[in-house]
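Structure assessment
Each chain is listed here by its residues.
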2 protein chains.
Amino acid sequence: MIKDIRVTMMTTIDDDGTLRSRPMVAQQSEFDGDLWFFTWIDSPKVDEVKEHHQVNLSYAEPDDQNYVSISGTAQIVRDKQKVHELWSEYLATWFPKGKDDPNIGLIRVHVTKAEYWDSPSSAMVHAYGY
Amino acid sequence: MIKDIRVTMMTTIDDDGTLRSRPMVAQQSEFDGDLWFFTWIDSPKVDEVKEHHQVNLSYAEPDDQNYVSISGTAQIVRDKQKVHELWSEYLATWFPKGKDDPNIGLIRVHVTKAEYWDSPSSAMVHAYGY
Ligand SMILES: Cc1cc2nc3c(=O)[nH]c(=O)nc-3n(C[C@H](O)[C@H](O)[C@H](O)COP(=O)(O)O)c2cc1C
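Report follows, based on the coordinates. Everything quoted here is computed from the prediction, not taken from an experiment.

1. Points about the relation of the copies chain B and chain A
For the pair chain B and chain A, the superposition axis carries a translation of 0.0 Å, the fit reaches an RMSD of 0.1 Å, and the rotation angle comes to 180°. Considering both components of the superposition, the chain copies are consistent with a two-fold axis. Proximity to the rotation axis, assessed at the C-alpha, singles out B:Ala60 in chain B; its C-alpha lies 3.3 Å from the axis.

Below, the structure is given as structure tokens:
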């Protein structure tokens, strides 16, 4: 389930308590409990994540009646080797200077809970973390 | 934009600080700054919303490259007249006993900020609330 996800909406808590979300591309790597995202080191969400570690990743596919909520704690990781390991060419859409841009960092989300729904009337199914 | 939304992911803050989201059907009514959702009065999200008013509504349509983040404050409303006014037959999928079930309530989300993205590389566009 989590493996198929590409673009998720990442919700963070702003400094005034507001909940904000934005589209983020989840990186494809062996799922070991963590999900990885590329980010600019100086972006607002990096400040938000440093202040409030709790994030939510949501994924909705109305056509397939497939909805996922992933709760986790986020951490900013500056690791050149990991950036190189996870880099794919399509990331150039958001990071045009490529993987060696010093302002690129990673957000690691440690998954604490995942829930999903797979039909309009389905009660939620606990998938992970209980 | 907000008018077209049907199923959104609503993110709330759990009592232990965890961010959880779940699919919710936004009701179609004249948009005046508030969005309305049906809920069971005794559901966990009602407790979460009473404790932490801040919520996020996200909406993702990857096929159309359309992503929306709506920040707002939520309030539980028990108002039979409003329930009747907003009720549609398809809600019976989730509320089989119909609009007169005493356990049905409403969540009113007062929108404080909305942001959207309309192409893969788009910088976010502030749509409302600035
Ligand atoms: C489809 C799509 C995918 C995106 N993926 C990423 C991403 O992987 N990393 C990223 O930093 N921004 C990505 N963005 C841009 C973010 O949504 C956001 O606008 C930007 O990161 C600034 O967010 P912030 O102001 O909340 O920090 C993507 C935008 C779209 C439309």
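And the narrative resumes.
2. Comments concerning the side chain of B:Lys45
Summarising the element assignment, B:Lys45 is placed in helix H1 (residues 44-51). Within the local environment of B:Lys45, its side chain forms a polar contact with the side chain of B:Thr39, the two groups lying 3.4 Å apart.

3. Section: a negative patch on the surface
All names here are of chain A. Taken together, the side chains of Asp15, Asp16, Asp42, Asp47 and Glu51 present a region of like negative charge at the surface. With respect to the element layout, Asp42 can be found in the loop between strand S3 (34-40) and helix H1 (44-51). Look at Asp42 and you get exposed, because its relative accessible area is 60%.

4. Quick notes on H1(A)
Residues and elements named next belong to chain A. Among the residues of H1, Lys45, Val46, Glu48 and Val49 are the ones counted as buried. Buried positions in H1, seen along its axis, are confined to an arc of 160° and lie on one side of it. Facing away from the buried side of H1 by over 90 degrees, the exposed positions are Pro44, Lys50 and Glu51. Tucked into the core, H1 has its buried residues touching strand S1 (7-13), strand S2 (19-25), S3, strand S4 (54-61), strand S5 (66-77) and strand S6 (104-117).

5. Comments concerning the interface of chain B and chain A
Listed as interface residues are 33 residues of chain B and, on the opposing side, 32 residues of chain A. Taking both sides of the interface into account, the surface hidden between chain B and chain A amounts to around 2,500 Å²; carbon and sulfur atoms contribute 59%. Looking only at chain B, the three residues that lose the most surface to chain A are B:Met9, B:Leu19 and B:Arg20, adding up to 21% of its buried area. There are four salt bridges connecting chain B and chain A. B:Asp14 is the partner of A:Lys113 in a salt bridge, and the nearest nitrogen-oxygen pair spans 3.6 Å. Put simply, chain B and chain A have eleven residue pairs in polar contact (both at pLDDT 80 or more) between them. Those elements giving two or more residues to the side of chain B that touches chain A turn out to be strand S1 (7-13), strand S2 (19-25), strand S4 (54-61), strand S5 (66-77) and strand S6 (104-117) of chain B. Per element, the largest residue contribution to the side of chain B that touches chain A is six residues, and it comes from S4(B). Across the side of chain B that touches chain A, the residue classes tally to 14 nonpolar, twelve polar and seven charged.

6. Brief notes about the packing of aromatic side chains
We describe a pair of aromatic rings using the distance from one ring centre to the other and the angle between the two ring planes. Residue and element names in this part refer to chain A. Enumeration according to the criterion identifies seven aromatic pairs over all chains in this entry. Aromatic pair Phe38 and Trp87: ring centres 5.6 Å apart, planes at 80°, arrangement edge-to-face. Of this pair, Phe38 sits in strand S3 while Trp87 sits in the loop between helix H2 (80-86) and S6, placing them 49 residues apart in sequence. We note that Phe38, like Trp87, is buried. Site record: aromatic cluster; members linked through ring pairs are Phe38, Trp40, Trp87 and Phe95.

7. Observations regarding the side chain of A:Lys45
A:Asp42 is the oppositely charged side chain nearest to the buried, salt-bridge-free A:Lys45, at an N-O distance of 8.1 Å. In this view, A:Lys45 contacts A:Arg22, A:Met24, A:Thr39 and A:Ile107; residues no more than four positions away in its chain are not counted.

8. Details of the nonpolar core
The biggest cluster of nonpolar side chains holds 19 residues, and the ones touching the most others in it are A:Met10, A:Phe37, A:Leu57, A:Ile70, A:Ile107 and A:Val109. Of all elements in the fold, only S3, H1, S4, S5 and S6 of chain A reach the threshold of two or more residues within this core. Sequence-distant contacts of A:Leu57, that is, excluding residues within four places in its chain, are made with A:Thr8, A:Met9, A:Met10, A:Leu35, A:Phe37, A:Val68, A:Ser69, A:Ile70 and A:Val109. By size, the runner-up hydrophobic cluster in this structure holds 16 residues, among which are B:Ala26, B:Phe37, B:Val49 and B:Ile70.

What counts, and where the lines are drawn
- Residues numbered from 1 in each chain as written.
- Chains lettered and ligands numbered in written order.
- Predicted model: local features only at pLDDT ≥ 70, side-chain atom pairs only at ≥ 80, totals over all residues.
- Heavy atoms only, no water.
- Least-squares fit on C-alpha atoms with pLDDT ≥ 70 in both.
- Helix = DSSP H or I, 4+ residues; strand = E, 2+ residues; numbered from the N terminus.
- Polar contact = N/O pair within 3.5 Å; in protein donor to acceptor, adjacent residues only side chain to side chain.
- Patch = residues over 30% accessible without salt bridge, like charges linked within 9 Å, V, L, I, M, F, W, Y side chains within 5 Å.
- Areas by Shrake-Rupley, 256 points an atom, 1.4 Å probe, with all protein chains shown as cover.
- Salt bridge = Lys/Arg side-chain N within 4 Å of Asp/Glu carboxyl O.
- Lys, Arg positive; Asp, Glu negative; His and termini not counted.
- Charge placed at Lys NZ, Arg CZ, Asp CG, Glu CD.
- Buried < 20%, exposed > 50% of the residue type's maximum accessible area, 1.4 Å probe, protein only.
- Arc of directions from axis to C-beta.
- Contact = heavy atoms within 4.5 Å.
- Buried area = accessible area lost by both parts, 1.4 Å probe.
- Nonpolar A, V, L, I, M, F, W, Y, C, P; charged D, E, K, R; others polar.
- Phe/Tyr/Trp six-rings, centres within 6.5 Å; stacked < 30°, edge-to-face > 60°.
- Core = buried A, V, L, I, M, F, W, Y, C linked by side-chain atoms within 4.5 Å.

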